[in-house]
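Structural overview
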Amino acid sequence: MANPDFDSIRRAMVDSQLRTSGVTEAWILSAMGAAPREKYVPGEFAATCYTDRPVPLGNGRAVHPPLVTALMLQAAEIEANDDVLVIGDASGYVAHLLKNGGVKLTSIDAGMEIKPGSYTLLFIDGAIEQLPEELVACVSEGGRIVTGTID
């Protein structure tokens, strides 16, 4: 596909994947409708990055399908005063979405040392088999943890 119209493709993703699958949070629909997902994937995947498939990033990592990202963000019940720790790709798509969501954001790449904190939300941009205690300890009382799981 030569010179894809990413604005139209993005709108179609929001209308045909997110809205029809129960994503109702206006800020998520707006952010994902505006964020240039194609800039967060290798160039050869840019034209197809809005399809309902993960996009490989290399080294066993991938960007979630758009619907998975939206549902995780919605499940997080993000509020403007949240202090959010994102673990995954510190300069990736989810970090971009959250930065534009008005939260206080700390983001680190997977495998980096985690500094203790008192976060109201821990968002793991990926999937894990077990939740390490050092991550649980980073979340304040009453805080939330959102991640995918590997069974």
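See the structure shown above.
Conventions we followed
- Residues numbered from 1 in each chain as written.
- Predicted model: local features only at pLDDT ≥ 70, side-chain atom pairs only at ≥ 80, totals over all residues.
- Heavy atoms only, no water.
- Salt bridge = Lys/Arg side-chain N within 4 Å of Asp/Glu carboxyl O.
- Helix = DSSP H or I, 4+ residues; strand = E, 2+ residues; numbered from the N terminus.
- Buried < 20%, exposed > 50% of the residue type's maximum accessible area, 1.4 Å probe, protein only.
- Core = buried A, V, L, I, M, F, W, Y, C linked by side-chain atoms within 4.5 Å.
- Contact = heavy atoms within 4.5 Å.
- Axes fitted to C-alpha atoms, helices over the stretch in contact; angles between N-to-C directions.
- Left-handed = near helix turned anticlockwise from the far one by under 90°.
- Nonpolar A, V, L, I, M, F, W, Y, C, P; charged D, E, K, R; others polar.
- Phe/Tyr/Trp six-rings, centres within 6.5 Å; stacked < 30°, edge-to-face > 60°.
- Lys NZ or Arg CZ within 6 Å of the ring centre and 35° of its normal.

On to the pattern of salt bridges. Under the defined criterion, the tally for this structure stands at 5 salt bridges. Taking the shortest distance from any N to any O, the salt bridge between R10 and E38 comes out at 3.1 Å. Here E38 lies in the loop between α2 (26–34) and β1 (55–58) and R10 lies in helix α1 (residues 6–18), a separation of 28 residues in the sequence. Residue classification places R10 among the buried residues on the basis of a relative accessible area of 4%. The partner of D82 in a salt bridge is R144, with the nearest N and O atoms 2.6 Å apart. Taken together, the residues span a long stretch of sequence, with D82 in the loop between α3 (66–75) and β3 (83–88) and R144 in strand β6 (residues 139–149) at a distance of 62 residues. For D82, a relative accessible area of 4% gives the class buried. Connected via shared salt-bridge partners are D7, R10 and E38.

It is worth spelling out the nonpolar core at this point. L18, M32, L98 and F123 are the most contacted members of the largest nonpolar core, which has 32 residues in total. For this core, the secondary structure elements donating two or more residues are α1, α2, α3, β3, α4 (93–99) and β5 (119–128). Here M32 is in contact with R10, M13, V14, L18, P66, T69, A70, Y93 and L97, once residues within four sequence places are set aside. Counting 10 residues, the second largest nonpolar core, distinct from the first, contains I108, Y119, I124 and L135.

Quick look at α3 now. Every α-helix carries 3.6 residues per turn, so stepping three or four residues along brings you back to the same face. With 7 of 10 residues buried, α3 lies mostly within the body of the structure. The set of residues buried in α3 consists of P66, L67, T69, A70, M72, L73 and Q74. One or two residues past the end of α3 sits E77, with phi positive at roughly 50°.

This part takes up the side chain of T69. The residue T69 is located in helix α3 in this model. Among residues more than four places away in sequence, those in contact with T69 are M32, H64, Y93, V94 and L97.

What follows is about the packing of α2 against α3. Closest axis-to-axis distance for the α2/α3 pair is 10 Å, and the angle between their directions is 145°. Like other packed secondary-structure pairs, α2 and α3 cross with a definite hand, here right-handed. Across the interface between the two elements, W27, I28 and M32 from α2 touch P66, T69, A70, L73 and Q74 from α3. The residue makeup of the contact of α2 with α3, split by class, is 6 nonpolar, 2 polar and no charged.

This part takes up the packing of aromatic side chains. All told, the structure shown has 2 aromatic pairs when counted by the stated rule. Measuring from centroid to centroid gives 6.3 Å for F6 and Y50, while their planes differ by 45°, and the two rings are tilted. One end of the pair, F6, is in helix α1; the other, Y50, is in the loop between α2 and β1, and 44 residues separate them in sequence. You can call F6 buried: its relative accessible area is 18%. Here Y50 falls in the buried class, since its relative accessible area comes to 3%. In this structure, R37 packs its charged tip against the face of Y93, placed 5.1 Å from the ring centre.

Taken by themselves, the reported measurements are silent on function.
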